[in-house]
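Residue-level structural notes
For reference, the chains in residue letters:
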Amino acid sequence: IVMIEDDEGHARLIEKNIRRAGISNTIHHFLDGTSALSFLYDSDHGPVRNGPALILLDLNLPDMHGYDVLKKLRASKVQTPVLILSGVAEMDSKVRSFGFGADDYVTKPFSVQELMARIRALLRQHQHTPAESAVFDDGALKIDFARRQVFLQQQLISLTRKEYQLLSLLALHKGQLITQPQILKDLWGPTHQEDTHYLRILVAKLRSKLNDDALQPKYIITEPGVGLRFLPSASCA
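What this report covers is the structure whose coordinates are included nearby.

A short note on the pattern of salt bridges
Opposite charge on two side chains allows them to pair when their charged atoms are near. This model, assessed by the stated rule, comprises 10 salt bridges. Here aspartate 68 ties to lysine 71 by a salt bridge, and the two come within 3.6 Å at their closest N and O atoms. With aspartate 68 and lysine 71 both in helix 3 (residues 66-75) and 3 residues apart, this pair spans about one turn of that helix. Between arginine 74 and aspartate 103 there is a salt bridge, and its shortest N-O distance comes to 2.9 Å. Linking arginine 74 in helix 3 with aspartate 103 in the loop between helix 4 (91-99) and strand 7 (104-107), this pair joins segments that are 29 residues apart in sequence. The class of aspartate 103 is buried, set by a relative accessible area of 0%. Taken together, the shared-partner salt bridges in this structure form one network comprising Glu5, Asp58 and Lys108.

Put into structure tokens, the structure is as follows:
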């Protein structure tokens, strides 16, 4: 686990509880974004091989904003889950964080139990590799589950980890209604089953990348107050 947190006392507390919970005995702590990125990247060859299983990222760093760290990670196709630690509770900060590719967002102060639960949930999701090797292809949208690649009109599109997770969950259950609590639990863990705003943000981002209109959907159909259903457009099937 890599932790990027400029408050040393806070970092020691988190590290102590991660070890006590038996989650990990290897925690690399950095006080600023520059030193963390130097650790995570080889200057000549990009991200280090065998990178961390999880990154804990404070937004308020002394040398750069946490957004900048997150954008660099995602621009380099690093898929390691990132959990944001922030004293900012405003929705705009959460929306921007998810837009830049964060997997979860915890507002300070938080309970140790909640943080450990969210860390465990992200680690479980990261370690889970779908056995599916099939390819969904309706002539316009192609999803290669084995390679975790998505193409629209034969053009590779870039999805965040969460966007891909949502799309693959829906596509692998084509035609079935997947409830909001089920999606939230699968993507963010059991502590997020009431956080429907997380899902609204994610669906809007995914629809935009698929050129899917919420009013006239080709792929992602919303059942108001219930959940989502994936149906390929009849004109594409």
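Now that the structure has been shown, we can carry on.
As for the layout of surface pockets
Taken as a whole, the second largest pocket encloses approximately 150 Å³ of empty space. As for the second largest pocket, its lining consists of Gln180, Thr196, Leu199, Arg200, Val203, Arg207, Thr222, Gly227 and Leu228. Elements that contribute at least two residues to the lining of the second largest pocket include exactly helix 8 (196-210) and strand 14 (227-230). Looking at which element gives the most residues to the lining of the second largest pocket, the answer is helix 8, with 5 residues.

Observations regarding empty space enclosed by the protein
The full count for this structure, using the stated rule, is 2 cavities of 30 Å³ or more. Each pocket or cavity is described by its volume, and for the largest cavity that value is around 70 Å³. What lines the largest cavity is simply Phe98, Ala102, Thr160, Lys162, Glu163, Trp188, Tyr198, Ile201, Leu202 and Lys205. Residue assignment for the lining of the largest cavity shows that the elements contributing at least two residues are helix 6 (161-172) and helix 8. For the lining of the largest cavity, the element with the highest residue contribution is helix 8, accounting for 4 residues. Classifying every residue of the lining of the largest cavity by side-chain character gives 6 nonpolar, 1 polar and 3 charged.

Some words on the packing of aromatic side chains
Tallying each qualifying case throughout the model produces 7 aromatic pairs. Ring plane angle 40 degrees and centroid distance 5.2 Å describe the contact between phenylalanine 30 and phenylalanine 39, whose orientation is recorded as tilted. Classification of phenylalanine 39 by relative accessible area gives partly exposed; the value is 35%. Summarising the aromatic geometry, the rings of phenylalanine 136 and phenylalanine 230 are spaced 5.4 Å apart at their centres and angled 75 degrees between planes, so their arrangement reads as edge-to-face. Within this pair, whereas phenylalanine 136 is found in strand 8 (residues 135-137), its partner phenylalanine 230 is found in strand 14, the two being separated by 94 residues in sequence. Phenylalanine 230 matches phenylalanine 136 in its accessibility class, with the two residues each being buried. Members of the aromatic cluster, connected to one another through ring pairs, are Phe98, Trp188 and Tyr198. Here the guanidinium or amino end of lysine 71 rests over the ring plane of phenylalanine 100, the centre of that ring lying 4.9 Å away. Lying across the ring of phenylalanine 151, lysine 142 places its NZ or CZ 5.6 Å from the centre.

Reading guide: rules and limits
Residues numbered from 1 in each chain as written. Predicted model: local features only at pLDDT ≥ 70, side-chain atom pairs only at ≥ 80, totals over all residues. Heavy atoms only, no water. Salt bridge = Lys/Arg side-chain N within 4 Å of Asp/Glu carboxyl O. Helix = DSSP H or I, 4+ residues; strand = E, 2+ residues; numbered from the N terminus. Buried < 20%, exposed > 50% of the residue type's maximum accessible area, 1.4 Å probe, protein only. 1 Å grid on protein atoms, 1.4 Å probe; cavity = no way out; pocket = protein on both sides within 12 Å on 5 of 7 lines; lining within 4 Å. Points joined across faces, edges and corners; volume = space filled by probe spheres on them. Nonpolar A, V, L, I, M, F, W, Y, C, P; charged D, E, K, R; others polar. Phe/Tyr/Trp six-rings, centres within 6.5 Å; stacked < 30°, edge-to-face > 60°. Lys NZ or Arg CZ within 6 Å of the ring centre and 35° of its normal.

Just distances and angles here, no functional claims.
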